[in-house]
Amino acid sequence: MPKRTDIHKILLIGSGPIVIGQAAEFDYSGTQACRVLMEEGYEVVLVNSNPATIMTDPEVATTTYIEPLLPATVAQVIEREQPDALLPTLGGQTALNVAKALHEDGTLHRHGVELIGADYEAIDRAEDRDRFRETMARAGLRTPRSIIATSLLDVDRGAREIGLPMIIRPAFTLGGTGGGVVHREADLEPMVARGLEASPIGQVLLEESVLGWGEFELEVMRDRTDNVVIVCSIENLDPMGVHTGDSVCVAPQQTLTDKQYQALRDQAIKVIRAVGVETGGSNVQFAVNPRSDEIVVIEMNPRVSRSSALASKATGFPIAKIAARLAVGYTLQEIPNDITRATPASFEPAIDYCVVKWPRFAFEKFPGAEPGLTTHMKSVGEAMAIGRTFKQAFAKALRSRELDSLPVSPDDDDALLDLIARPGAERFDHLLEALRRGHSVATVHQRTSIHPWFLHELAELVESAGADSIASSPGGERRGEFAGGLTFKSVDTCAAEFAATTPYYYSSWERAPAVSEVVRGDRPSVVILGSGPNRIGQGIEFDYCCVHAAQTVREQGRDAVMVNCNPETVSTDYDTSDRLYFEPLTLEHVLAVCEQEAAGAPLEGVIVQFGGQTPLRLAAGLSAAGIPILGTGIDAIDLAEDRGRFGALLDRLGYQAPPYATAGSAEEALGKAPGVGFPLLVRPSYVLGGRAMEIVYSLDGLRDYLQRTGHIAASRRSPPGELAMPAEGRHIFLDRFLEASIEVDVDALCDADGGVWIAGIMQHVEEAGIHSGDSACVLPPHSLGEEMLEQIRVQTTGIAKALGVVGLLNVQFAIHSTAGLHVIEANPRASRTVPFVSKAIGLPLAKLACRIMLGERVGELDLPGPDGTRAQGAGHVCVKEVVLPFDRFAGADSLLGPEMRSTGEVMGIARDFPTAFAKAQAAAGLRLPTSGTVFLTVADGDKTAAGGIATTLHDLGFEIIATRGTAQALSRMGIPARAINKLGEGSPHVVDCIERGEVDLVINTPVGTGARADGYEIRAAAIARRIPCITTLAGGVAAARAIAVAARGARPEVISLQELYTDRAEVS
Amino acid sequence: MSSRDATAYVLLEDGTRFDGLACGADEAAVGEIVFTTSMAGYQEAVTDPSYAGQLITFTYPQIGNYGVSEEAMESDRIHARAAIMRAGVDRGDAAGRGSIEGGWLAWLRDCGVPAITDLDTRALVRHIRDAGAMRGGVFPVRLAEARARELIEAEPAMGGRDLAREVTRTARLTLGPTARHGNDGPRIAMIDTGVKRSIVGNLRSRGATVELHPCTAGAAELLAGDPDAIFLANGPGDPAALDYVVDTIRQLVGRLPVYGICLGHQLLCRAVGLDTYKLPFGHHGSNHPVKDLSTGITEITSQNHGFAVLGPGGARTIDVDEPVRWETDFGAAELTHINLYDRTVEGLTLREVPGATVQYHPEASPGPHDSLYLFDRFVDAVRSAGADRIGGSPRGRSSGNGEDN
Ligand SMILES: Nc1ncnc2c1ncn2[C@@H]1O[C@H](COP(=O)(O)OP(=O)(O)O)[C@@H](O)[C@H]1O
Ligand SMILES: Nc1ncnc2c1ncn2[C@@H]1O[C@H](COP(=O)(O)OP(=O)(O)O)[C@@H](O)[C@H]1O
Ligand SMILES: [Mg+2]
Ligand SMILES: [Mg+2]
């Protein structure tokens, strides 16, 4: 059946900001879908609020809206664009939920927009837990016993009919949000309440537990003539009870017999037919009883998912691409398999290797958070490894995690065995240690319910690695394998049955003659190092840059070679580069790739600037091995990263930096602190993404910090959630903390002749002290004078030249109210803001930087104007806002600080700052209220400034409630404010009010440790009820202005990037 | 873990050698080296009589994960001559799901079947894919290469080999239905050229009584039990070497409905005057898409054959998705199924006499169940007396359990 000609314009919805449970995989799938639909000649209209995506590059779709993913906004786009169809299955749960809302409110019907891929009924049958259960029953399939709860009145019945432990599963949520396992009677009601709250339709399933059963997933595709194929099976090593996103997984499944596997396959096919997903990919999850053949269906996701991205990368079968073609009418057999070219897509990949996926966690960022793993997802990223055997793949995956420090197991065996009995981020590390100490497979199985097959393999792996840690040295991969060598094999979807044309490789240890399968022509190759698993501080932004680098390298006549191990990303799409090596980013793996690439034709060099800190860390080792580093040299990298050297450089240039000192011990730190001056920003030297950074206000505060971070041994073991650091070579950095300063981020391009072009100057909304990755920022700066901007340009240029940067440079400044401009740090690499700036100014910074690294000069790049901010013109303002994962980490303080904790970002674009800010807030999921009650509590120093905010809000008709001190201050300024009890002052207090839903906006600026502890409960309550909670004064001011604009009833217009850039061209 | 030095090797007739570790019976094995891409079902594979005379290379590296069990037996013994693996394991003690009865490697050893692991199977498979299936063997390292070469030379080539005679039964056996479907299930006479248990099982579970005959049985013997239809089984070797069976079938075509699977398909085709040829490296796996031309639906099929039937006009492949026709000695034959991987013939039906065949394995075991509907079609067609045509009625898709999807 050929493609449909009755539709011309297709609307695609992306998944928005990266959040736990919904990450880069939807950029991968969405980008594939856009490209395919464009290739097929359709007009594609895309809406996504996340600028750090390849899919929002202006050439990927016909029309691109970086706008909030809210039904009302998407409805505006529909009104404007009048698309014929909406494809909702490629943007995760977000797109599905928006599409559902637009169907229900009649928008789709009114504008004649057809849902393609999955229709409303199918979405509802799959996502509504009640309907799903019924649908399964009708298809003759088993699900665990359950009842549906739509209110707390159902709790008793649940307790009676289901019993404990019980699984709580909200409908229409993602990553298990709001779900959990109830073990104790007392937890039942609160957990059901939380689930009801999380479900957009207020529905949860109270379900019989099948904890400990095996968890399996099948990726299914169906076309409109009812052909069905199973792309891949995935087995979770962690049994039921740990969310699949948090589980270590292997593909294909390992422990089922053919008969058992075929039974799952038959059921998966029945599920997709019963739910009625007409075309595209779905994911079906099963639990299998380890003691019998009993199978129950857990759920089906009627859309592409994290697992389908994993399955695509694991098999070479591009699920999203094919799903998009199926949605416009093709059948599976009409679509060729990209990899073999010779065969159609209507087949099931046969693979001849093992794939292991490992989640990447960030618990160390959320001290106080409940550390266990359960049915709602907590991991922030994942790494995938391919090996010829399970052991090879597992050992590679272990190393792909790029942990800053490896978990330390307790010496006591009982404590160790207790640890592995509870699912946790470090469980497998402890489990390997238990096996290493000689605990039997039976013992470990009894504690973990992990299938003995895996445990046997792991025991052998541990044994063969001997004294080496599998997690940190290549020993585990190689030892116990054989003399022979490391060679490269290809991923070909067919286990070598047909010749493959797509160059997608992985390394494997094989017996001699270990002949490599890599084929290459004679163009020189450029190796681009990716950024590994997503983690807080290093996310999709870097992958975006790597993809741009690959595109540029190809355009410039070289072979682009990508090395990365993150299955979620566009960079690991085999289409992105000329050759993809799916490998851990460790020195020996990268060197092996370089050696392979240097064989036969020249290796021009390696690009380390785009993958965040990961490749930078490898630069010295690569260079020592004689591999050319393209762009900024390793000495310049060291110059920027070494505090002492960089400080001296700034001195020489005459630029101000906060006073600082370096201490080699706790005593030294305490001695030097007064000289630097309080408040102090303290951090250990190995810091990444602001890890373990804190502001201290006194010597006592410093002593406390040093104790908590293990610099002063308080007890032998560091407390949970803290880092176990190596004792040697530790330094402590002390910086004077610049209070009440405006932070500014600059991205610049620099060439080998000292040519510099300032691409963007971003002013942060929050003041310095909130990690740049966690603060909102505005481009162009909304309140800096031309003189200050010029000073920033001059200093950025000076630093670029002095460092000798070739490529991208990011500089962070703080502008102190009296002491003026200070340099905080310089990163000689692509920064997190590159995609945002690129989208704002309409120029692809990473691509331009890549051209510079390949030899061009700034002057040759045809750049408009003296800098990007001016090139952007006066036409529009862009605001970046972040999203924070506190709702996943019950117990952790939601206060922002110098340690980065956000997972993703969104962009708001408008003609003026308040509107752009309001859009960014809305896109980040914080809808600013236009009326109601605001709760205000600010530190003494902030009270005057808070008056301005309060006035604005009062004039708009808000009721203001405040803690006593703030209320008094406001009254003195003539603003009526009702005083309310603090927590300690007895009920009814502020948290009661928030919990009763009487507060619509919280503005709470804490200072010092005392206020932090007090504000904790307030912020926690606000987050739990999803009430916007603003913790800085600057944020409060911006919010008040944005509310004022919204209150005027102006519906912010939607603007496409393409219009924006045309406008800009006209302005300049 | 001490030395991982090679203790066994695979040698091919063209001199290519791959090293590994001996892990089965400590002997040499020679025959035709083939590969299967199925990711599970290793026990079903080695006990499938169609693999007689062949050494199986498993492209999936992890083999043996769930041990062995009686229910996975496709015949009463191992027919493959050896197993060649990348990571074969013996996990008989892995208290897993279902009914594990022993470890895989231990079982191979007990059955006297050589096996080799830790071998770069992908390199071996790529070699076979490019050079074609060939003779070769698995040898312990103590056996010199020169001696190994002699053993390989002494092994006859697959083309022209009658292996069915080696795997067939000696005496007739009648097996009743395992489930009742209506009153009298059909009676089916099967020429056992090496039939898989699951084929017989699928017929019996649909109410059929199955008479299994040695492959040397003549037409009279086959008709003696008054069967409603003749079934031609799968089996090993070259169909061209089985003229005695072909002659028998020729006498039956037109008298009774004749149905065939795999080798049986090739034999029926030869019996009506069509020709077969040897594929470069055969089809062995569980993922080939086959299109049913009557419904337009693609089935994911289980495959295990080294020979195929030539299309009309002697073409090896058919470029259109249409029911093209052959002229046979018994009137027209029409293509019903085509392989979407390499566009070879996967099934046909005789238009003027009752008869239909498929090249692939609807009984799966191992592999997907997409094609079990063919057994329904067949048994229904045979049952409805006077049916003049089988295999052609589009029934939609339904699973073998008769449940609707
Ligand atoms: N009945 C159950 N017993 C035990 N664990 C369960 C049960 N149902 C779900 N789970 C666990 O919870 C996880 C999340 O549930 P799921 O419904 O898949 O959420 P989501 O839709 O967010 O993926 C599953 O991956 C599984 O490990
Ligand atoms: N001296 C300082 N005064 C005020 N704030 C600072 C100072 N140094 C750092 N910060 C704040 O801490 C954040 C993180 O510091 P930075 O050095 O940029 O760490 P990272 O390397 O993790 O990006 C900055 O974004 C800034 O908000
Ligand atoms: Mg799930
Ligand atoms: Mg789900």
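So, how was this worked out
- Here, residues in each chain are numbered from 1, in the same order as that chain's written sequence.
- To label them, take the chains in the order written and letter them from A, then take the ligands in the order written and number them from 1.
- Selection of residues for local features in this predicted model requires a pLDDT of at least 70, selection of side-chain atom pairs for listing and counting requires 80 or more, and totals for whole chains, interfaces and linings are taken over all residues.
- To get the side-chain values, all heavy atoms of the structure are used, and hydrogens and water are removed first.
- Per the convention used, a helix needs a DSSP run of H or I reaching at least four residues, while a strand needs a run of E reaching at least two, with both numbered from the N terminus.
- Only C-alpha atoms enter the radius of gyration, while the globule expectation follows 2.2 Å times N to the 0.38, with N the number of residues.
- Only protein chains enter the accessibility calculation, which uses a 1.4 Å probe; a residue whose area is less than 20% of its type maximum is buried, one above 50% is exposed, and one in between is partly exposed.
- We call two residues in contact whenever any of their non-hydrogen atoms come within 4.5 Å of each other.
- We get accessible surface area from the Shrake-Rupley algorithm with a probe of 1.4 Å; when it comes to residues, only the shown protein chains can shield them.
- Working convention for charge: Lys and Arg count positive, Asp and Glu count negative, and His plus the chain ends are omitted.
- Note that the charge is assigned to NZ on lysines, CZ on arginines, CG on aspartates and CD on glutamates.
- Note on terms: buried area is the combined drop in 1.4 Å-probe accessible area of two parts once they are placed together, counting the loss on both.
- We define a salt bridge as a contact between a side-chain nitrogen of Lys or Arg and a carboxyl oxygen of Asp or Glu at a distance within 4 Å.
- Polar contact criterion, stated in full: a pair of N or O atoms within 3.5 Å, where within protein one must be able to donate a hydrogen and the other to accept it, and residues adjacent in sequence count only if both atoms are side-chain atoms.
- Polar here means any residue outside two lists: the nonpolar Ala, Val, Leu, Ile, Met, Phe, Trp, Tyr, Cys and Pro, and the charged Asp, Glu, Lys and Arg; Gly therefore counts as polar.
- Whether a residue is near a molecule or strand is decided by its heavy atoms; if any one of them lies within 4 Å of it, the residue is near.
- Confidence of the predictor in every single residue is expressed as pLDDT, which spans 0 to 100.
- The criterion is simple. A nonpolar core is a set of buried Ala, Val, Leu, Ile, Met, Phe, Trp, Tyr and Cys residues joined through side-chain atoms within 4.5 Å.
- Any N, O or S atom lying within 2.8 Å of the metal counts as a donor, with the limit raised to 3.2 Å for Na, K and Ca; because water is left out of the atom set, some sites can appear incomplete.
- One fewer than the residue count of a helix, multiplied by 1.5 Å, yields its expected span.
- A pair of strands is labelled paired if DSSP reports no fewer than 2 bridges between them.
- Comment: axis = line fitted to C-alpha atoms, over the contacting stretch for helices; angle = value between 0 and 180 degrees taken between N-to-C directions.
- When an angle is under 35 degrees it counts as roughly parallel; over 145 it counts as roughly antiparallel; between 65 and 115 it counts as roughly perpendicular; any other value is oblique.
- By the definition used in this description, the sense in which the near helix is turned from the far one sets the handedness, with an anticlockwise turn below a right angle giving left-handed and a clockwise turn giving right-handed.

Draft legend 1. How the structure looks around the overall build of chain A. Within chain A, the secondary structure is distributed over 35 helices and 38 strands. On C-alpha atoms alone, chain A measures out to a radius of gyration of 28 Å, which is about the 31 Å that the 2.2 N^0.38 rule sets for 1068 residues. Along the first, second and third principal axes, the C-alpha set of chain A runs to 75 × 70 × 70 Å. Each of the 1068 residues in chain A was classed as buried or not, and the buried ones make up 68%.

Draft legend 2. Spotlight on the overall build of chain B. Tallying secondary structure elements over chain B gives 10 helices and 20 strands in all. Computed over the C-alpha atoms, the radius of gyration of chain B is 21 Å, within 12% of the 22 Å expected from 2.2 N^0.38 for a compact globule of 405 residues. Expressed along its principal axes, the backbone C-alpha trace of chain B runs to roughly 70 × 45 × 40 Å. When contacts within chain B are restricted to residue pairs at least 6 apart in sequence, those whose partners lie at least 24 apart make up 72%. Total accessible area on chain B is roughly 13,100 Å²; 46% of this is exposed by carbon and sulfur atoms. Charge centroids of chain B, computed over 39 positive and 54 negative side chains, lie 1 Å from each other.

Draft legend 3. Representation of the interface of chain B and chain A within the structure. Tallying the contact residues gives 61 residues for chain B and 68 residues for chain A. The contact between chain B and chain A buries some 5,500 Å² in all, and 46% of this surface belongs to carbon and sulfur atoms. Viewed at the interface, chain A and chain B are joined by 11 salt bridges. Note that Asp120 of chain B and Lys489 of chain A form a salt bridge whose closest N and O atoms lie 2.7 Å from each other. One can count 28 residue pairs in polar contact (both at pLDDT 80 or more) joining chain B with chain A. Of all the elements, helix H3 (residues 121–131) of chain B adds the most residues to the side of chain B that touches chain A, at six residues. Residues of the side of chain B that touches chain A, tallied by class, amount to 25 nonpolar, 17 polar and 19 charged.

Draft legend 4. Expanded view of the site of ligand 1. Residues and elements named next belong to chain A. In the vicinity of ligand 1, 22 residues are found, and the nearest of them are Arg169, Gly176, Glu207, Glu215 and Glu299. A distance of 2.3 Å separates an oxygen atom of ligand 1 from a polar atom in the backbone of Gly176. In this structure, a nitrogen atom belonging to ligand 1 sits 2.7 Å away from a side-chain N or O atom of Glu207. Relative to its free-state accessible area of 550 Å², ligand 1 is covered by the protein chains to the extent of 97%.

Draft legend 5. Spatial organisation of the confidence of the model for chain A. Model confidence for chain A is summarised by a mean pLDDT of 89, while 93% of its residues fall at 70 or above. Throughout residues 1008–1012 of chain A the model reports pLDDT below 50, and contacts reaching past four residues in sequence, or to other chains, amount to six contacts.

Draft legend 6. Region of the structure containing the nonpolar core. Formed by 113 residues in total, the largest nonpolar core has its most connected members in Phe610 and Leu749 of chain A. Among residues more than four places away in sequence, those in contact with Leu749 of chain A are Gly755, Val756, Trp757, Gly807, Leu808, Leu845, Leu848, Ala849, Ile852, Val858, Leu861 and Leu863 of chain A. With 37 residues, the next largest nonpolar core counts Ala164, Ala217, Leu252 and Val309 of chain B among its residues.

Draft legend 7. Just the coordination of the magnesium ion (ligand 4), in detail. Residues and elements named next belong to chain A. Protein coordination at the magnesium ion (ligand 4): the donors are Glu299 (OE) and Asn301 (OD1), at 2.4 to 2.5 Å from the metal. Metal-to-metal, the separation of the magnesium ion (ligand 4) and the magnesium ion (ligand 3) is 4.3 Å; Glu299 coordinates the two. Each member of the pair, Glu299 as well as Asn301, is classed as buried.

Draft legend 8. Representation of helix H30 (residues 943–955) of chain A. Residue and element names in this part refer to chain A. Taking 1.5 Å of rise per residue, 13 residues should cover 18 Å, and H30 covers 18 Å from first to last C-alpha, within 8% of that figure. Of all the residues in H30, the buried ones are Lys943, Ala946, Gly947, Ile949, Ala950 and Leu953. In the segment just after H30, Gly957 is the residue with positive phi, at about 95 degrees.

Draft legend 9. Molecular detail of the sheet that holds strand E12 (residues 249–251) of chain A. Residue and element names in this part refer to chain A. Taken together, seven strands build an open sheet; the order of strands is E14-E13-E10-E11-E12-E15-E16 and the sheet is antiparallel. Looking at the sheet topology across the chains shown, the edges are occupied by strand E14 (295–301) and strand E16 (381–387). Direction aside, the axes of adjacent strands within the sheet are offset by 25 degrees on average. Bridge analysis of strand E13 (residues 280–288) against E14 gives six bridges, and the strand direction is antiparallel. Across the sheet, residue Phe286 finds its bridge partner in E14, namely Val297. Along the sheet face, helix H9 (residues 258–275) touches strand E10 (214–222), strand E11 (228–236), E13 and E14 and points at about 55 degrees away from the line of E10. The strands that helix H11 (residues 319–327) touches are E10, E11 and E13; relative to E10, the one it contacts most, it runs at about 40 degrees.

Draft legend 10. Just unusual backbone geometry, in detail. The peptide bond linking Leu164 of chain A to Pro165 of chain A adopts the cis configuration, its omega dihedral lying at -10 degrees. Residue Pro366 of chain B follows Ser365 of chain B across a cis peptide bond; omega there is 5 degrees. When you line up the elements, Pro366 of chain B lands in the loop between strand E20 (355–358) and helix H10 (373–383). The backbone of Gln82 of chain A shows a phi angle near 50 degrees, a positive value even though the residue is not glycine. Residue position: Gln82 of chain A is located in the loop between helix H2 (71–81) and strand E4 (85–87).

Draft legend 11. The sheet that holds strand E19 (residues 525–529) of chain A, seen in detail. Residue and element names in this part refer to chain A. Pairing is mixed in the open sheet, where six strands are placed in the order E17-E18-E21-E20-E19-E22. Either end of the sheet is taken by a strand with one partner, and the two such strands are strand E17 (485–490) and strand E22 (603–607). When the angles between neighbouring strand axes are averaged without regard to direction, this sheet yields 25 degrees.

Draft legend 12. Seen up close, the pairing of strand E4 (residues 54–58) of chain B. All names here are of chain B. Taken across its five residues, E4 has five buried, putting it largely inside the fold. The side-chain alternation of E4 yields two buried faces, one formed by Gln54, Ile56 and Phe58 and the other by Leu55 and Thr57. Bridge count between strand E3 (residues 29–36) and E4: five bridges; the pairing is parallel. When the bridges of E4 are listed, Phe35 appears paired with Thr57. Of the pairings in the sheet, the one linking E4 to strand E6 (residues 82–84) comprises three bridges and is parallel in character. Paired with Thr57 across the bridge in E6 is Ile84.

Draft legend 13. Local environment of the environment of Thr59 of chain B. Tracing the backbone shows Thr59 of chain B in the loop between E4 and strand E5 (62–63). The sequence separation of Thr59 of chain B and Thr37 of chain B amounts to 22 residues, and the corresponding C-alpha distance is 5.2 Å. For Thr59 of chain B, the residues in contact, after removing those within four places along its chain, are Asp352, Arg388 and Ala495 of chain A together with Phe35, Thr36, Thr37, Thr121 and Val125 of chain B.

Draft legend 14. Quick peek at the environment of Ala75 of chain A. Residues and elements named next belong to chain A. Following the sequence through the fold, Ala75 ends up in helix H2. In this structure, the C-alpha to C-alpha distance between Ala75 and Val250, residues 175 residues apart in sequence, is 41 Å. Once residues lying within four places of it in the same chain are set aside, the contact partners of Ala75 are Leu102 and Thr107.

Draft legend 15. Representation of the confidence of the model for chain B within the structure. Residues and elements named next belong to chain B. In this model, chain B carries a mean pLDDT of 91, and residues with pLDDT of at least 70 account for 92%. Predicted confidence for residues 385–405 stays below pLDDT 50, and this span has 46 contacts to residues more than four positions away or in other chains. This prediction of the complex comes with two scores: 0.93 for pTM and 0.93 for ipTM.

Draft legend 16. The arrangement of the pattern of salt bridges in detail. Taken as a whole and assessed by the stated rule, the structure comprises 95 salt bridges over all chains. Between Arg857 of chain A and Asp753 of chain A there is a salt bridge, and its shortest N-O distance comes to 2.6 Å. Residue Arg857 of chain A is found in the loop between helix H27 (845–853) and helix H28 (868–871), and its partner Asp753 of chain A is found in the loop between strand E27 (742–750) and strand E28 (756–767); the two are separated by 104 residues along the sequence. Taking the relative accessible area as the measure of exposure, Asp753 of chain A reaches 59% and is therefore exposed. Arg129 of chain B is the partner of Asp130 of chain B in a salt bridge, and the nearest nitrogen-oxygen pair spans 3.2 Å. By relative accessible area, which is 60% here, Asp130 of chain B ends up exposed. It is possible to trace a salt-bridge network through shared partners that takes in Arg520, Arg523, Arg554, Asp559, Asp578, Arg579 and Glu597 of chain A.

Draft legend 17. Local environment of the side chain of Asn202 of chain B. Tracing the chain through its elements places Asn202 of chain B in helix H6 (residues 197–204). Here Asn202 of chain B is in contact with Glu363, Leu372 and Phe375 of chain B, once residues within four sequence places are set aside.

Draft legend 18. Molecular detail of the packing of H30 of chain A against helix H34 (residues 1033–1047) of chain A. Residue and element names in this part refer to chain A. Where H30 contacts H34, the two axes come as close as 9 Å, and the packing angle between them is 20 degrees. Our classification of the angle between H30 and H34 gives roughly parallel. Note that H30 runs across H34; the crossing there is left-handed. From H30, Ala945, Ala946, Ile949, Thr952 and Leu953 reach across to H34, where they touch Leu1033, Gly1036, Val1037, Ala1040, Ile1043 and Ala1044. Class assignment for the residues of the contact of H30 with H34 results in nine nonpolar, two polar and no charged.

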